[in-house]
Amino acid sequence: MSRPKYYWYSMVKKMVMKYPQIKEENSIQTSIYVMAIEKSLEETEKLQNGEERVKAIRKIYFERKKTYAGVAQEMNYSERTIRNWTSSFINLCGKNAGF
């Protein structure tokens, strides 16, 4: 696996994966991440194939029931496309969080 472009990528990815659990927490840092994730979901829905992108993100990161390959097969897209969608979502969350 290659190195991420941004140093904060793995931190943001972990927070996205914990999003269902941290929605109810009241700390400043988690509220920044929650607002960034919700804003990123709204922005992603407005993109081309937005509903499908959000569906893939929910299955991979929030529900953790499928892998990239499983979602790609289910949605009839390539695995690389699903990886690009989720990676761009993580980058958008990081930028919305202030990185």
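Residues numbered from 1 in each chain as written. Predicted model: local features only at pLDDT ≥ 70, side-chain atom pairs only at ≥ 80, totals over all residues. Heavy atoms only, no water.

### Notes on a negative patch on the surface
No. 1: On the surface, Glu38, Glu42, Glu45, Glu51 and Glu52 cluster together into a patch of negative charge.
No. 2: Of all the secondary structure elements, the ones that give two or more residues to the negative patch are helix H3 (28–45) and helix H4 (50–62).
No. 3: The greatest single-element share of the negative patch, amounting to three residues, is contributed by H3.
No. 4: Tracing the backbone through its elements, the reader meets Glu42 in helix H3. (Patch = residues over 30% accessible without salt bridge, like charges linked within 9 Å, V, L, I, M, F, W, Y side chains within 5 Å. Areas by Shrake-Rupley, 256 points an atom, 1.4 Å probe, with all protein chains shown as cover. Salt bridge = Lys/Arg side-chain N within 4 Å of Asp/Glu carboxyl O. Lys, Arg positive; Asp, Glu negative; His and termini not counted. Charge placed at Lys NZ, Arg CZ, Asp CG, Glu CD. Helix = DSSP H or I, 4+ residues; strand = E, 2+ residues; numbered from the N terminus.)

### Considering the packing of H4 against helix H6 (residues 79–96)
No. 1: It is at 10 Å that the axes of H4 and H6 come closest, and there the two elements cross at 85°. Here H4 is positioned roughly perpendicular relative to H6, judged by the angle of their axes. Contacts between H4 and H6 involve Glu52, Arg53, Ala56, Ile57, Ile60 and Tyr61 on the former and, on the latter, Ile82, Trp85, Thr86, Ser88, Phe89 and Ile90.
No. 2: Class assignment for the residues of the contact of H4 with H6 results in eight nonpolar, two polar and two charged. (Axes fitted to C-alpha atoms, helices over the stretch in contact; angles between N-to-C directions. Parallel < 35°, antiparallel > 145°, perpendicular 65-115°, else oblique. Contact = heavy atoms within 4.5 Å. Nonpolar A, V, L, I, M, F, W, Y, C, P; charged D, E, K, R; others polar.)

### Some words on the side chain of Thr30
No. 1: On the secondary structure map, Thr30 appears in helix H3.
No. 2: Excluding residues that lie within four positions of it along the chain, Thr30 makes contacts with Met15, Ile22 and Glu25.

Just distances and angles here, no functional claims.
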